[in-house]
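In case you want the letters, here they are:
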Amino acid sequence: MTDSSTLSTPAPQPKPWIEAIHAYVPGKSKGKDGRPLIKLSANENPLGTSAAALEARAQAPALYPDPDSTALRTTIAAKHGLDAARVVMGTGSDELLNLAAQGYAGPGDDVIYVRYGFSVYDIAARRCGATPVVAPDLDFGTDVDALLALVTERTRVVFVANPNNPTGSYLPGGEIARLHAGLPADVLLVIDQAYGEYVAAEDDDGALALAEAHANVLVTRTFSKIFGLAGERIGWATGAPGLIATLNRIRGPFNVSSTGQAMALAALADDAFVEASRVHNRDERARFVAKLEALGNHGLRPLPSEANFVLVLFEGALTAEAAFDGLAERGYVVRWLPGQGLPQALRITIGKSEDMDVIAEGLREMAEAAQ
Ligand SMILES: *Cc1c(COP(=O)(O)O)cnc(C)c1O
């Protein structure tokens, strides 16, 4: 509601770079009619979370948490063979991605990432007044040469998610190493491994080793995906002491809650849950992709994915928008991404076996009917 009196009244004006931000669009959990749907739109773990983590939640104290998350950092470091002094916790990896941009970039600086990259990078760049610079994709994947071609003396930060969201694409270690080798030493390379635990050990991209060996590499991880703790908002990052000191200066002082620290510690000890989640995802993703590949003559194209979701392109008579609506009628909400330049695609989280069967069957019915 506006009228002439409010228009003529001076009001606080946001900074222009803040006003230019399109707020993050979260995955939906309801249909257009408000009906609750099975949510395969936010890459959550269909197995839930570790029972040990749920038990730990009940025991957590209600007072201020340990501001340094010491026990949690020590356990993470031991698990990955890192120095605990080189680990910093965040309120989700989202906080750490924003702090990385804020700590190293500002007005007049460039922050680079790929087209069809994680939508938080654009927000993180703009929040600190830096200019987002978007590299073209390579058939929806990350193109190292395209990223390097955009580097100038204004470049301060490069973000790469590996595996990438929403495409699921994955750069092998050699490509990550080539990207790092091509960057000036004073450019921060942030490698976002939110889906790192889903990748087979032999396909490790070497990012943690790069972060250990070089002063300009930060790796971020999260408890939101395979650990199933998205509701608690817990992420971590590792890198050289200088990078960690910067993030510690500007992070929230009590940025991981007591329940979050307790649940994450319990989740880290439950290797069986994590392994079951990884195997479920690997097997169900392969089964789902095989069914969609059989619909290739109807224009459905699942992109190769190393993550817990598949991006499906609709290049035939059935559109992504119609498929989104048809899946909602069948009780499911997935992610349609017109706002990210992907009106022809749906990102579908790998859920329970029976749900993936219903979705694959629904897509087949709709694709055949759309002929
Ligand atoms: C889900 C996701 C994250 C995790 O965000 P949190 O704030 O830790 O929940 C980070 N990066 C990417 C690419 C993601 O998809």
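Every value quoted in this text rests on a predicted model; they were computed, and no experiment measured them.

### Re the site of the ligand
- Taken together, 13 residues surround the ligand, and among them Asp 192, Tyr 195, Thr 222, Ser 224 and Lys 225 come closest.
- One nitrogen or oxygen atom from the side chain of Tyr 195 is found 2.6 Å from an oxygen atom belonging to the ligand.
- Between the ligand and Lys 225, the relevant distance is 3.2 Å, taken from an oxygen atom to a side-chain nitrogen or oxygen of the residue.
- Among the elements that take part in the shell around the ligand, helix 5 (residues 92-104) stands out by supplying three residues, more than any other.

### Remarks on the sheet that holds strand 12 (residues 335-337)
- Taken in spatial order, the four strands of this open sheet run 9-10-13-12, and their pairing is antiparallel. The sheet is open, and its two borders are formed by strand 9 (300-302) and strand 12, each paired with just one other strand. Averaged over all neighbouring strand pairs, the angle between strand axes comes to 25 degrees, with direction disregarded.
- When strand 10 (residues 309-314) meets strand 13 (residues 342-349), the two strands line up antiparallel, connected through five bridges. Within the sheet, the bridge partner assigned to Val 312 lies in strand 13 and is Leu 346.
- In this fold helix 13 (residues 320-329) packs onto strand 10, strand 12 and strand 13, with an angle of close to 35 degrees to the strand it touches most, strand 13.
- Across the sheet, helix 14 (residues 353-369) lies against strand 9, strand 10 and strand 13, angled at about 150 degrees from strand 13, the strand it touches most.

### Regarding the sheet that holds strand 4 (residues 131-135)
- Taken together, seven strands build an open sheet; the order of strands is 2-8-7-6-5-3-4 and the sheet is mixed. Only two strands of the sheet have a single partner each, and these edge strands are strand 2 (87-91) and strand 4. Direction aside, the axes of adjacent strands within the sheet are offset by 25 degrees on average.
- Sheet analysis places strand 6 (residues 188-192) next to strand 7 (residues 217-222), joined by four bridges and oriented parallel. Bridge pairing in strand 7 places Val 190 opposite Leu 218.
- Taken strand by strand, helix 5 contacts strand 2, strand 5 (155-161), strand 6, strand 7 and strand 8 (234-238), and its axis lies near 110 degrees from that of strand 2.

### Section: the packing of helix 5 against helix 6 (residues 120-127)
- Where helix 5 contacts helix 6, the two axes come as close as 8 Å, and the packing angle between them is 40 degrees. Considering the angle they form, helix 5 stands oblique to helix 6. In the crossing of helix 5 with helix 6, the sense of the turn from one axis to the other is right-handed. Contacts between helix 5 and helix 6 involve Asp 94, Leu 97, Asn 98 and Ala 101 from the first element and Val 120, Tyr 121, Ile 123, Ala 124, Ala 125 and Arg 127 from the second.
- Among the residues making up the contact of helix 5 with helix 6, the classes are represented as seven nonpolar, one polar and two charged.

### Here we look at the environment of Gly 339
- Examined against the element boundaries, Gly 339 turns out to sit in the loop between strand 12 and strand 13.
- The class of Gly 339 is exposed, set by a relative accessible area of 80%.
- For the pair Gly 339 and Val 25, spaced 314 residues apart in the sequence, the C-alpha separation amounts to 8.8 Å.

### A short note on the packing of aromatic side chains
- Within the structure shown, the criterion is met by nine aromatic pairs.
- Look at Phe 118 and Tyr 121: their rings are 5.6 Å apart centre to centre, the planes differ by 85 degrees, and that puts the pair in the edge-to-face class.
- Taken together, the ring pairs in this structure connect Tyr 24, Tyr 113, Phe 118, Tyr 121 and Phe 159 into an aromatic cluster.

### Quick look at the pairing of strand 5
- Across the seven residues that make up strand 5, a large majority, seven, are buried.
- Sheet topology note: the strand 5/strand 6 ladder contains five bridges and is parallel. Bridging from a neighbouring strand, Ala 161 pairs with Asp 192 of strand 6.
- Note that the unit made of strand 5, helix 8 (residues 173-182) and strand 6 has a crossover that is right-handed.

### Focus on the domain arrangement of the chain
- Under the domain assignment used here, the chain contains domain 1 (20-47 + 273-370) and domain 2 (51-269).
- Relative placement of domain 1 and domain 2: their C-alpha centres are 25 Å apart.
- Listed as interface residues are 29 residues of domain 1 and, on the opposing side, 29 residues of domain 2.
- Between domain 1 and domain 2, a total of about 2300 Å² is buried, with carbon and sulfur atoms accounting for 63% of that surface.
- The tally of links from domain 1 across to domain 2 stands at one salt bridge.
- We note a salt bridge from Asp 139 to Arg 301, for which the minimum N-O separation is 3.4 Å.

### Notes on the pattern of salt bridges
- Under the definition given, this model contains 21 salt bridges.
- For the salt bridge of Lys 39 with Glu 44, the shortest nitrogen-to-oxygen distance reads 3.4 Å.
- Residue classification places Glu 44 among the partly exposed positions, given a relative accessible area of 32%.
- In this structure, the salt-bridge partner of Arg 154 is Asp 110, at a minimum N-O distance of 3.5 Å. In this pair, Arg 154 is assigned in the loop between helix 7 (144-149) and strand 5 and Asp 110 in strand 3 (residues 110-114), connecting sequence segments 44 residues apart.

About the thresholds
- Every residue gets a number counted from 1 within its own chain, in the order that chain's sequence is written.
- Selection of residues for local features in this predicted model requires a pLDDT of at least 70, selection of side-chain atom pairs for listing and counting requires 80 or more, and totals for whole chains, interfaces and linings are taken over all residues.
- Calculation of side-chain values draws on the structure's entire complement of heavy atoms; hydrogens and water are dropped beforehand.
- Throughout this document, a residue counts as near a molecule or strand when at least one of its heavy atoms sits within 4 Å of that molecule or strand.
- Contacts described as polar in this section are N or O atom pairs within 3.5 Å, which, within protein, must combine one atom able to donate a hydrogen with one able to accept it, while residues neighboring in sequence count only if both atoms come from side chains.
- Secondary structure elements follow DSSP: runs of H or I of four or more residues count as helices, runs of E of two or more count as strands, with numbering from the N terminus.
- A pair of strands is labelled paired if DSSP reports no fewer than 2 bridges between them.
- Axes here refer to lines fitted to C-alpha atoms; in helices the fit is confined to the stretch in contact. Angles between the N-to-C directions go from 0 to 180 degrees.
- When checking whether two residues touch, look at their non-hydrogen atoms; a contact exists if any pair is within 4.5 Å.
- When describing relative orientation, an angle under 35 degrees is termed roughly parallel and one over 145 degrees roughly antiparallel, while 65 to 115 degrees is termed roughly perpendicular and anything else oblique.
- Crossing handedness follows the turn of the near helix against the far one: under a right angle anticlockwise gives a left-handed crossing, and clockwise gives a right-handed one.
- Basically, the charged four are Asp, Glu, Lys and Arg, the nonpolar ten are Ala, Val, Leu, Ile, Met, Phe, Trp, Tyr, Cys and Pro, and anything else, Gly included, counts as polar.
- Partly exposed describes any residue whose relative accessible area lies between the buried limit of under 20% and the exposed limit of over 50%, with all areas from a 1.4 Å probe on protein chains only and scaled to the type maximum.
- Stacked, tilted and edge-to-face pairs are distinguished by plane angle, under 30 degrees for stacked and over 60 for edge-to-face with tilted covering the rest, among Phe, Tyr and Trp rings (Trp via its six-membered ring) whose centres lie within 6.5 Å.
- For the handedness criterion, the strands are oriented away from the viewer, and a crossover whose path from the first strand over the helix to the second runs clockwise is classed as right-handed.
- Annotation comment: domain bounds sourced from an automatic or database domain assignment.
- Once two parts are put together, the accessible area they lose, assessed with a 1.4 Å probe and summed over both, is termed the buried area.
- Any Lys or Arg side-chain nitrogen found within 4 Å of a carboxyl oxygen on Asp or Glu counts as a salt bridge.

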